[in-house]
Amino acid sequence: MIDPINLNKSIFENINKTYGIIIKQAVDAATYISEMMPQIWHVATYISEMLQFWQEWIEENKRLFDNYTKFWQIFQEQYKITEQEAIQILRKYKWFITPSLPSDFVFVVVEIGRKPSNQRSAMNRLFVTYFSSNNFINLENLVDGWKTNAIFKPRMKIFRDCIFIMRNAKGRQNPSNSVLPTLIAQIDGIRVEFMKRNGLSFWEKDKVWKKLFKDQTPNQDLSNLVNDIFLNILFQKSQPGVPLETPFTFNRHKVMHGEYLKYGRIDNTIRAFLILDFLSSLNNQKPIS
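It should be emphasised that the depicted structure is a prediction, and the values quoted were computed from it without experimental measurement.

Digging into helix α7 (residues 206-215)
Turning to step 1, where the next piece is worked out: What α7 keeps buried is the set Trp209, Lys210, Leu212 and Phe213. One face of α7 carries all of its buried residues, which in axial projection span an arc of 145°.

Here it is, written out as structure tokens:
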């Protein structure tokens, strides 16, 4: 008579002999997967967040691109002037525009730029007058548009104080001597905060962080013009006592290190406000943790 206990034991031994290694490997694999699940979940979550981040980045930059595109479409339809002609004139006089400016303002820019001889004084006066007339109301409206930006929000009192100083300057007082270094410091702080939110440290080389800002803007002439003044003029590389490659008093290093003493011009101050307006239009997504 067959002993069922011995039979089952024999069958188990045969199964274990034949499939024991496979079973052990399956158990080990299951244990490993169980142990790795938190890491796998973390990686899956990270990938999901990265995909969401880039989707938001694309949508945000599309919005910025659409704003500039719409601006130039309206401008060309209304005035029959090409974007290229306007950009050429703006570049010549070291100015740029943001979508916050009305199209008829750019028309006047082109009218001045078409005149013979150098029109630098007239061009500077146009920008300054636009923002300073009616007790700086257009400048106040420009700055007010930044209050919903997460990076700008904690700095709004500083910007409003700058406008207050400019409004209340008397006689021979030059508010730009005080306001411009303050604005440059805030541009620097916003630049660094933007870098941190996009995974870059304060110590990144110029070519790395400058590439970040170039990549954030639509690839078109107007954005390239803004970046040229922001990155290659304001943040133009400099050394103490060495003249700038592109001579211009609107230079962060020369001003903040006390080398330039005649930087306090209201046209430079308006340029700083416009750069801030440009930076406020860039996306400011939180970093991926």
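Focus: the pattern of salt bridges
Turning to step 1, where the next piece is worked out: One pass over the full model with this rule turns up 13 salt bridges.
Turning to step 2, where the next piece is worked out: Across the pair Lys196 and Glu193 runs a salt bridge, and its minimum N-O distance is 3.7 Å. You can see Lys196 and its partner Glu193 sitting in helix α6 (residues 176-197), three residues apart, about one turn around the helix.
Turning to step 3, where the next piece is worked out: The exposure class of Lys196 is partly exposed, given its relative accessible area of 49%.
Turning to step 4, where the next piece is worked out: Measuring nitrogen to oxygen at the nearest pair gives 3.0 Å for the salt bridge that ties Arg197 to Glu193.

Details of the confidence of the model for the chain
Turning to step 1, where the next piece is worked out: Per-residue pLDDT for the chain averages 81, and the proportion of residues at 70 or more is 72%.
Turning to step 2, where the next piece is worked out: For the chain, per-element mean pLDDT is lowest for helix α1 (residues 4-79), which scores 60, and highest for helix α5 (residues 156-167), which scores 98.

A word on the nonpolar core
Turning to step 1, where the next piece is worked out: In this structure, Phe127, Phe230, Phe273 and Leu279 are the most contacted members of the largest nonpolar core, which totals 68 residues.
Turning to step 2, where the next piece is worked out: Not counting the four nearest positions on each side in its chain, Phe230 is found in contact with Ile187, Trp209, Phe213, Phe235, Ile275, Phe278 and Leu279.

Some remarks on the packing of α5 against helix α10 (residues 266-280)
Turning to step 1, where the next piece is worked out: Remark: α5 packs on α10, axes separated minimally by 13 Å, with the N-to-C direction vectors making an angle of 155°. Considering the angle they form, α5 stands roughly antiparallel to α10. Taken as a pair, α5 and α10 cross one another with a handedness that is left-handed. Residues Phe159, Cys162, Ile163 and Met166 of α5 lie in contact with α10, whose contacting residues are Ile266, Thr269, Phe273 and Leu276.
Turning to step 2, where the next piece is worked out: Here the contact of α5 with α10 is composed, by residue class, of seven nonpolar, one polar and no charged.

Some thoughts on the environment of Thr246
Turning to step 1, where the next piece is worked out: Positionally, Thr246 belongs in the loop between α8 (221-234) and α9 (252-256).
Turning to step 2, where the next piece is worked out: Spatially, the C-alpha atoms of Thr246 and Asn232 are 8.5 Å apart, while their sequence positions differ by 14 residues.
Turning to step 3, where the next piece is worked out: Contacts of Thr246, omitting those with residues within four sequence positions, involve Lys94 and Gln236.

Thoughts on the packing of α6 against α7
Turning to step 1, where the next piece is worked out: Running from amino to carboxyl end, α6 crosses α7 at an angle of 85°, the nearest separation of the two axes being 11 Å. Here α7 runs roughly perpendicular to α6, going by the angle between their axes. Counted together, Arg191, Phe194 and Met195 of α6 and Trp209, Leu212 and Phe213 of α7 form the full contact between these two elements.
Turning to step 2, where the next piece is worked out: When grouped by side-chain class, the residues that make up the contact of α6 with α7 number five nonpolar, no polar and one charged.

Definitions and cut-offs
- Residues numbered from 1 in each chain as written.
- Predicted model: local features only at pLDDT ≥ 70, side-chain atom pairs only at ≥ 80, totals over all residues.
- Heavy atoms only, no water.
- Buried < 20%, exposed > 50% of the residue type's maximum accessible area, 1.4 Å probe, protein only.
- Helix = DSSP H or I, 4+ residues; strand = E, 2+ residues; numbered from the N terminus.
- Arc of directions from axis to C-beta.
- Salt bridge = Lys/Arg side-chain N within 4 Å of Asp/Glu carboxyl O.
- pLDDT = per-residue confidence, 0-100.
- Core = buried A, V, L, I, M, F, W, Y, C linked by side-chain atoms within 4.5 Å.
- Contact = heavy atoms within 4.5 Å.
- Axes fitted to C-alpha atoms, helices over the stretch in contact; angles between N-to-C directions.
- Parallel < 35°, antiparallel > 145°, perpendicular 65-115°, else oblique.
- Left-handed = near helix turned anticlockwise from the far one by under 90°.
- Nonpolar A, V, L, I, M, F, W, Y, C, P; charged D, E, K, R; others polar.

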